[in-house]
Amino acid sequence: MSRIDAIKRHLVEEYELGTAPAELADDYDLLRNGVIDSLALLTLVSWLENEYALDIDAADVVPDNFRTAASIDAFVAAAVTTAKVG
Amino acid sequence: MIAWSKDDERLKEGISLWFGKFDEDRPRYGREPAFPREPWLAVMESGILRLPFDEKWGGLGQSLLTTMYVLEELGRCCRNTGLNFGITTHMVSTGVALQRFGSTALKDAHLPQVCAGTAVGTHAVTEPDSGSDALGMRTTATADGDCYRLSGAKAFVGNGPVADLVVVYARTEPAAGPLGVTAFLVARDTPGLTFGDPVEGTGLKSAPLCSLFLDDCRVPRTHILGRVGAGLLVLDHVRTWEILCCFIVGTGEIRRRLDRCVAYAGERSAFGRSVGGFQAVAKRIVDMKIGLEMSRKWLYDTAEKFTAGRKVTADLATAKLVADRIAATLGLGRAA
């Protein structure tokens, strides 16, 4: 499974989106549609850290990195690269 | 339990020499709702406000744990609970937020005064309609060139009547949920920022609160703590420090009451023996001791875990509830 599919599956299962992971659009706005509330944000950051062995800095937890499944995927891609280089 | 170093003990003893001065004129501050200005001068001189901040900005470079160790002693020795509350509010709301999330320029400009106590700090989170539900806040911040325009009202701002610096949490993107809030450092004299009359806090007369009004208040982008939309994370970090620091002061206060109870139980005699020898009294004292140690363990263990970079959401909630319930139960004179 690709990373973005794994992220979608987590979002759908964890936050009960009522849709199949494959049907969740890459650009579905998770913030405007109320998928990510305060607790969901903390659990999502925690899941990403465990799943992809990341140490996410609070300064990076901003709207543009968490707005859609695609932006989360891009954020993780950049973070994984940084972690490898670091 | 933690083995404190000789340096920790020396630091605690050195700063605690000032606690008598913190406590001066307490009956006066127990009567009228006023910020204790004169004791605050002793607070500034003592260096206690400098504890957790980097030496580069005038801090003492101490860890969260060592800071808590000194604050616990503050609670034990200083009976001006409003002043103690003012100290922790100042340190965590403004100092901790600025040190962790401020730009170097912003830290250079304000952190030395926060460390010295010459600029009193606070934060404005609660609103009249949404309480402490940070996501329900209505105060908005709208981008306008190199500034943001803040509009709205805040309530129950601790240290508010005397604050020189306020960390204001406002919505920068109304529909972005938890990523729609941003933290701004706002100076008292910023046009558009006004303060309401002092309001007396229950049981904390010397820590007056007030409302705060923002009317198209222009705040430079450079005064953002963290990044736009990261306010909730700033608040999460600050709240963690706030709970650990405020509640460890409370355990110091419990320790003081326990010591007084033990002393009295030894002094007071009935039926030819000190009352502490009666099981009904001894049991209550033992329960106090157990409650005190349970609170301390939860708070220090959570602080160690947090310092190690681990998630402490559940630990912190547990520590807060345990310490809170024990303080309330003992304060009401019942066994824990």
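Residues numbered from 1 in each chain as written. Chains lettered and ligands numbered in written order. Predicted model: local features only at pLDDT ≥ 70, side-chain atom pairs only at ≥ 80, totals over all residues. Heavy atoms only, no water.

A few points about the overall build of chain B
Short version of the rule: The numbering of helices and of strands both runs from the N terminus, where a helix is a DSSP run of H or I of at least 4 residues and a strand a run of E of at least 2. With the radius of gyration taken over C-alpha atoms, the globule rule is written as 2.2 Å times the number of residues to the power 0.38. Exposure classes here rest on a 1.4 Å probe applied to the protein chains alone. A residue is buried below 20% of its type maximum, exposed above 50%, and partly exposed in between. The contact definition used throughout considers only heavy atoms, calling two residues in contact when any of these lie within 4.5 Å. Here the open area of atoms and residues is found with the Shrake-Rupley method and a 1.4 Å probe, where only the protein chains shown may cover a residue.
The helix and strand tally for chain B stands at ten helices and eleven strands. Computed over the C-alpha atoms, the radius of gyration of chain B is 21 Å, within 12% of the 20 Å expected from 2.2 N^0.38 for a compact globule of 336 residues. Its C-alpha atoms put chain B at 80 × 40 × 40 Å along the principal axes. The buried share of chain B, taken over its 336 residues, is 52%. For chain B, long-range pairs separated by at least 24 residues make up 73% of all intrachain contacts whose partners lie at least 6 apart in sequence. Of the roughly 14600 Å² of accessible surface on chain B, a fraction of 53% belongs to carbon and sulfur atoms.

What about the pattern of salt bridges?
Filter applied, for reference: Salt bridge, as used here: a side-chain nitrogen of Lys or Arg that lies within 4 Å of a carboxyl oxygen of Asp or Glu.
Taken as a whole, this structure holds 25 salt bridges over all chains when the rule is applied. For Arg227(B), the salt bridge goes to Asp60(A), with nearest N and O atoms at 3.1 Å. Here Asp60(A) lies in the loop between helix H2 (38–52) and helix H3 (63–66) and Arg227(B) lies in the loop between strand E9 (224–225) and helix H8 (231–267), a pairing that spans two chains. Glu293(B) is the partner of Lys289(B) in a salt bridge, and the nearest nitrogen-oxygen pair spans 2.9 Å. Placement of the pair is Lys289(B) and Glu293(B) together in helix H9 (residues 279–307), with a separation of four residues, close to one helical turn. On the accessibility criterion, Lys289(B) (37% relative accessible area) is partly exposed. One salt-bridge network, held together by shared partners, links Asp29(A), Arg32(A), Asp64(A), Arg67(A) and Glu173(B).

Some remarks on the packing of aromatic side chains
Residue and element names in this part refer to chain B. This is how the line gets drawn: Pairing of aromatic rings covers Phe, Tyr and Trp, the last counted by its six-membered ring, and requires centre-to-centre distances within 6.5 Å; plane angles under 30 degrees mean stacked, over 60 mean edge-to-face, and any other angle means tilted. Any Lys NZ or Arg CZ that is within 6 Å of a ring centre and within 35 degrees of that ring's normal is treated as a charge sitting over the ring.
Evaluated as defined, the whole model comprises eight aromatic pairs over all chains. Ring centres 5.3 Å apart and planes at 70° place the aromatic pair Trp4 and Tyr300 in the edge-to-face group. Residue Trp4 is found in the segment before helix H1 (6–16), and its partner Tyr300 is found in helix H9; the two are separated by 296 residues along the sequence. Seen in terms of ring centroids, Phe271 and Phe278 are 6.4 Å apart; in terms of plane orientation they differ by 90°. Their pairing is edge-to-face. Judged by relative accessible area, Phe278 falls into the partly exposed class, the value being 25%. By way of ring pairs, the aromatic residues Trp4, Tyr69 and Tyr300 are connected into one cluster. In this structure, Arg100 packs its charged tip against the face of Phe101, placed 4.7 Å from the ring centre. Directly above the aromatic system of Phe195 lies the positively charged group of Arg188, at a separation of 3.8 Å from the ring centroid.

Regarding the layout of surface pockets
Keep this limit in mind: Only protein atoms enter the 1 Å grid used here, on which a cavity is any set of points holding a 1.4 Å probe that cannot leave and a pocket is any open set flanked by protein within 12 Å on both sides along at least five of seven lines; residues with an atom within 4 Å of a point are listed as lining. Grid points are joined across faces, edges and corners, and a volume is the space filled by probe spheres set on the points. Gly is placed with the polar residues, together with every amino acid not listed as nonpolar (Ala, Val, Leu, Ile, Met, Phe, Trp, Tyr, Cys and Pro) or charged (Asp, Glu, Lys and Arg). Segmentation into domains, and thus their bounds, comes from an automatic or database assignment.
Computed from the structure, the largest pocket encloses a volume of approximately 1200 Å³. Along the wall of the largest pocket there are 36 residues; nearest its centre are Leu42(A), Asp236(B), His237(B), Thr240(B) and Thr313(B). Every element with two or more residues in the lining of the largest pocket is listed here: H2 of chain A together with helix H6 (81–101), H8 and helix H10 (313–331) of chain B. Residues belonging to the lining of the largest pocket are distributed by class as follows: 18 nonpolar, eight polar and ten charged. Two domains share the lining of the largest pocket, each providing at least three of its residues, namely domain 2 (121–230) and domain 3 (233–331) of chain B.

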